[in-house]
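Observations on chain architecture
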Amino acid sequence: MSNSPFHTVTIAGATGNVGYAIAEAFLNDGSYNVKILRRKLDENEKAKSLNSKGAEIVYADHSQKDDLVKALKGTDVFVSAVFESSNNTSLYDIQVPFLLAAKEASVKRFIPSEFSNGYKTTGHVFNDEKFRFREELEKSGLEYTYIHTGLFQEFFGWFGYDVKNKKAKFYGDGNTKIPSTSLSDIGKYTVETLKIPEARNAHIRVIGAYLTLNEYLQKFEEATGSKWEVIEDRDVRHRFKNKIDPIPSMSDDFIAFVTENSNFPEYDNDKFSFTPQPVTKVIETLVSQV
């Protein structure tokens, strides 16, 4: 059994990429009652899978505080693994109702949707929403843990590594170091934060790999057995801000922001009981899927 003071964990966003990995990790740990918060009864395959593995599905209208409070009763830890919604509702606005309900339901600890590079400054709208929510969370009186993991390794394609066409697009110098972690390890790190005292009211930074853009590229080239074409575009943020053609997308602007601001001068891997899987394992999987 767990040496954690917590017993019941409720996860919002558990059918998303990060949330599913976190939910699976809690279920695999076997020390917690795991609840999955859903908006409505539907036939979501990931929800059905988690339910079959032992998770309880609880439903609530997120716009109704009483409904959320009822769903969170008995919860010790609330994990928010939600991201921007399809109707452009901000991450701040999505999470505030969870926080208000968690406080009323006497939840002990709130783990917000961070799971990113742990930026210490604002500078992008996606990041600004996290800073705004941190302020609300720290005023609430609930315990909290911010978990920073770097780039999700399964999202290397989004970050510019195009396996199908064997091309890499860098929005910065190829020698820039980027922290990254696999989704499965993010889940395991999240579980273990409940067992280490240093995670209470703290920022926890963990990494699976900490390589340069060029070093990740080399591993992709080794996995594909091919030399890749490299494109560098260091002007993305300037063109986006000033609407200069070709105008980058907001996603490209965010990738450029991440590239410029990814820096883990210190990290907390030594506080955890396991060694993260090699980044080559994820890269080989991504190559095999093409």
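Each remark here, short or long, concerns the structure printed above.
Here goes a summary of the coordinates provided. (Residues numbered from 1 in each chain as written. Predicted model: local features only at pLDDT ≥ 70, side-chain atom pairs only at ≥ 80, totals over all residues. Heavy atoms only, no water.)

Let's shift gears to the side chain of D253. Position of D253 among the secondary structure elements: in helix 9 (residues 250-261). On the accessibility criterion, D253 (3% relative accessible area) is buried. Residues contacting D253, with those up to four places away along its chain left out, are H124, V236, R237 and F240. (Helix = DSSP H or I, 4+ residues; strand = E, 2+ residues; numbered from the N terminus. Buried < 20%, exposed > 50% of the residue type's maximum accessible area, 1.4 Å probe, protein only. Contact = heavy atoms within 4.5 Å.)

A word on helix 7 (residues 213-224). Along an α-helix, residues three or four positions apart point the same way, because every turn accommodates 3.6 residues. With twelve residues, helix 7 ought to run about 16 Å at 1.5 Å a step, and its terminal C-alpha atoms sit 17 Å apart, in line with that. Positive phi appears at G225, one or two residues downstream of helix 7, with a value of about 70°. (Expected span 1.5 Å × (residues − 1).)

Before going further, it helps to spend a moment on the packing of helix 4 (residues 91-104) against helix 5 (residues 125-140). Contact pair helix 4 / helix 5: the axes reach a minimum separation of 9 Å and the direction vectors enclose 10°. Between helix 4 and helix 5, the crossing angle belongs to the class labelled roughly parallel. Across the interface between the two elements, L91, Y92, Q95, V96, L99 and K103 from helix 4 touch E129, K130, R132, F133, E136, L137 and S140 from helix 5. Of the residues belonging to the contact of helix 4 with helix 5, the class tally is six nonpolar, two polar and five charged. (Axes fitted to C-alpha atoms, helices over the stretch in contact; angles between N-to-C directions. Parallel < 35°, antiparallel > 145°, perpendicular 65-115°, else oblique. Nonpolar A, V, L, I, M, F, W, Y, C, P; charged D, E, K, R; others polar.)

Let us look at the environment of E266. Mapped onto the elements, E266 comes out in the loop between helix 9 and helix 10 (279-288). C-alpha separation for the pair E266 and I204, spaced 62 residues apart in sequence, amounts to 9.8 Å.

Note that S182 resides in the loop between strand 10 (177-181) and helix 6 (183-193). Distance from S182 to F26, taken between C-alpha atoms, is 16 Å for residues 156 residues apart in sequence. Among residues more than four places away in sequence, those in contact with S182 are Q153, E154, Q277 and V282. There is a polar contact of 3.2 Å between the side chain of S182 and the side chain of D185. (Polar contact = N/O pair within 3.5 Å; in protein donor to acceptor, adjacent residues only side chain to side chain.)

Turning our attention to the nonpolar core. Grouped together as the largest cluster of nonpolar side chains are 29 residues, with contacts concentrated most on I11, F26, I36, V79 and F115. Breaking this core down by element, the ones donating at least two residues are strand 1 (8-12), helix 1 (17-29), strand 2 (33-38), strand 4 (77-80) and helix 6. Looking at which element gives the most residues to this core, the answer is helix 1, with eight residues. Excluding anything up to four places from it in sequence, I36 contacts I11, A14, A23, L50, A55, E56, I57 and V58. (Core = buried A, V, L, I, M, F, W, Y, C linked by side-chain atoms within 4.5 Å.)

Purely geometric stuff here, so don't read any function into it on its own.
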